[in-house]
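# Geometric and topological summary
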Amino acid sequence: MELQLFDTYQREVRAFESIENNQVGLYSCGPTVYDFAHIGNLRTYLFVDLLKRVLALNGYDIRHVMNITDVGHLVSDADDGEDKMEKGARKHKESAWDIAKRFEAAFFDDLERLNILKPTIVSRATEHIQEQIDFILSLEEKGFTYITDDGVYFDTSRQDNYGFLARLDKEGLMAGARVEVNHKRHITDFALWKFSGDTERQMEWESPWGKGFPGWHIECSAMAEKYLGPLFDIHVGGEDHISVHHTNEIAQSQARHNTNMANYWMHGYFLQLDKEKISKSGKSLTLEQLIQKGADPLSYRYLTLTAHYRSHLNFSWQSLQSATNALTRLRGLVSEWKRGSKEDKLPHAEYQQRFYDLINDDLNLPGALALTWELAQSDLESNVKLSTLSYFDQVLGLNLMESTIELDIPQEVIELAEKRLLARKNKQWSLSDELRDEIESAGFQVEDTREGYKIKSKKVELGE
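Please read all numbers here as calculations on a predicted model, not as lab measurements.

### Digging into the sheet that holds strand 3 (residues 23–28)
- Spatially, 5-4-3-10-11 is the arrangement adopted by the five strands of the open sheet, whose pairing is parallel. Edge positions in the open sheet fall to strand 5 (121–124) and strand 11 (262–268), since each of these has one partner strand only. Across the sheet, the mean angle from the axis of one strand to that of its neighbour is 20 degrees, orientation sign disregarded.
- Both strand 3 and strand 10 (residues 232–238) contribute to a ladder of three bridges, which runs parallel.

### Observations concerning the sheet that holds strand 6 (residues 145–147)
- With antiparallel pairing, four strands are arranged side by side in an open sheet as 6-7-8-9. Strand pairing shows two members of the sheet lacking a second neighbour, strand 6 and strand 9 (212–214), which therefore form its edges. The average undirected angle you get between the axes of adjacent strands in this sheet is 20 degrees.
- Direction of pairing for strand 6 relative to strand 7 (residues 151–154): antiparallel, over a ladder of three bridges.

### Re the packing of aromatic side chains
- A complete count under the given rule lists 17 aromatic pairs for this structure.
- Ring centres of Trp193 and Trp209 lie 6.2 Å apart, and the angle between their planes is 50 degrees; on these two criteria the pair is classed as tilted. Of the two residues, Trp193 sits in strand 8 (residues 190–195) while Trp209 sits in the loop between strand 8 and strand 9, which places them 16 residues apart along the sequence.
- Residue Trp209 is classed as buried on the basis of its relative accessible area of 13%.
- Ring centres of Phe355 and Phe392 lie 4.2 Å apart, and the angle between their planes is 10 degrees; on these two criteria the pair is classed as stacked. Of this pair, Phe355 sits in helix 11 (residues 349–360) while Phe392 is found in helix 13 (residues 382–396), placing the two residues 37 residues apart along the sequence. Judged on exposure class, the residue Phe355 and its partner Phe392 are both buried.
- Ring pairing ties together the aromatic residues Phe16, Tyr60 and Tyr264, which thus form one cluster.
- Seen from the ring of Phe135, Arg256 lies directly overhead, with NZ or CZ sitting 4.6 Å from the centre.
- Stacked on the ring of Tyr309, the Lys or Arg Arg310 has its end atom at 5.9 Å from the ring centre.

Calculation notes
Residues numbered from 1 in each chain as written. Predicted model: local features only at pLDDT ≥ 70, side-chain atom pairs only at ≥ 80, totals over all residues. Heavy atoms only, no water. Pairing = 2+ DSSP bridges. Helix = DSSP H or I, 4+ residues; strand = E, 2+ residues; numbered from the N terminus. Axes fitted to C-alpha atoms, helices over the stretch in contact; angles between N-to-C directions. Phe/Tyr/Trp six-rings, centres within 6.5 Å; stacked < 30°, edge-to-face > 60°. Buried < 20%, exposed > 50% of the residue type's maximum accessible area, 1.4 Å probe, protein only. Lys NZ or Arg CZ within 6 Å of the ring centre and 35° of its normal.

Laid out in structure tokens, this is it:
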């Protein structure tokens with residue numbers, strides 16, 4: 001099957017065709033580095049990583065650009081409210097510049113722990129102020145801007161198709177809007193440059209319109225154009241970007257270049273905690289908090305594979321425990337196969353093709369994960385399973401081939417297992433249960449088999 005991807009702009013699954021043969025220009029919206037990323041944020045970056053891995057398996061070379069929003073992003077994600085960087089600086093009692101560096105570093109640590117491939121280019125908003133000013137100047141020359149007492153705004157009334165990505169009812173919004181829309185002429189207009197005014201700011205720059213800072217949306221349009229050109233292949237982000245951020249990016253690019261910026265727009269859906277959206281300002285969990293409870297970061301990666309990127313995933317400690325147990329079991333099987341393999345073999349052709357078809361069907365990773373377990377439980381030779389799973393793991397990203405579980409079983413545990421085997425033969429079931437509990441207290445599990453028993457490491461139990 002050729003690669004098929006869901007395009008939010010067209011609202012349909014489309015066959016993927018790159019602008020240049022074997023080359024893909026990919027832009028993803030990165031973090032606003034005013035605090036730690038939460039696991040809901042990280043689900044989006046895992047989705048981007050899976051997309052990149054699938055593209056690579058299809059033979060594409062990927063130029064991936066990701067921005068770092070380290071200035072000018074207001075709390076409401078709109079044009080009013082408090083700057084998130086200023087808020088973070090106050091919360092952590094550091095300068096805005098220092099927290100930007102600290103939380104950017106923490107973000108990339110999280111990506112590494114989740115085995116997420118690094119972007120080709122990381123572009124920081126603070127390092128591209130001139131590109132943003134130049135972009136605004138070009139919009140001004142084309143008549144798409146106006147100036148108020150608090151900034152330079154984009155006039156959405158100039159575009160008949162504004163909001164198509166989100167299927168916005170522009171006329172309905174206008175009719176339902178209150179007379180008071182602050183500094184804007186229309187409710188859908190948005191800031192390109194905000195003036196500092198009388199507020200003391202740590203991050204501000206001189207511009208042709210006065211001292212201030214860029215709006216949120218202009219940074220992505222300017223930086224994507226610099227590194228990928230006025231039209232590139234795929235733009236990705238979270239579903240919350242559809243109605244405002246990505247809608248406004250498209251408006252800017254249509255005004256300047258008469259393009260939709262990207263040929264494909266893709267969006268990952270929310271992770272939910274108790275069926276509520278996870279956010280930095282509300283309910284949230286960080287990757288570090290999962291680790292402190294005893295979770296392996298790749299267990300969280302495994303958990304995200306169980307749901308399609310275009311469906312909401314509800315997080316619970318129980319679901320993470322299940323993912324942890326499944327990953328532990330899979331690693332144990334890989335270790336067994338390694339011990340039983342005598343020579344390398346090619347991946348199994350049928351399984352390889354089925355996996356390829358699944359991931360090319362709009363990244364059907366839940367199906368691919370189910371196929372992984374079908375492979376694991378098959379009667380194929382160990383070395384065939386290993387080579388086939390190695391092929392799968394190019395996309396799954398679970399580092400399964402690095403799994404080497406060599407148990408150092410203490411002699412006293414072996415003796416307990418032997419006593420338990422004898423107790424079972426003599427039908428001393430209470431004694432057998434007591435010995436099993438002693439084995440588990442020592443950190444091991446005993447599994448009964450037709451040949452006798454097998455000793456394994458105890459399942460990881462996450463903390464409360």
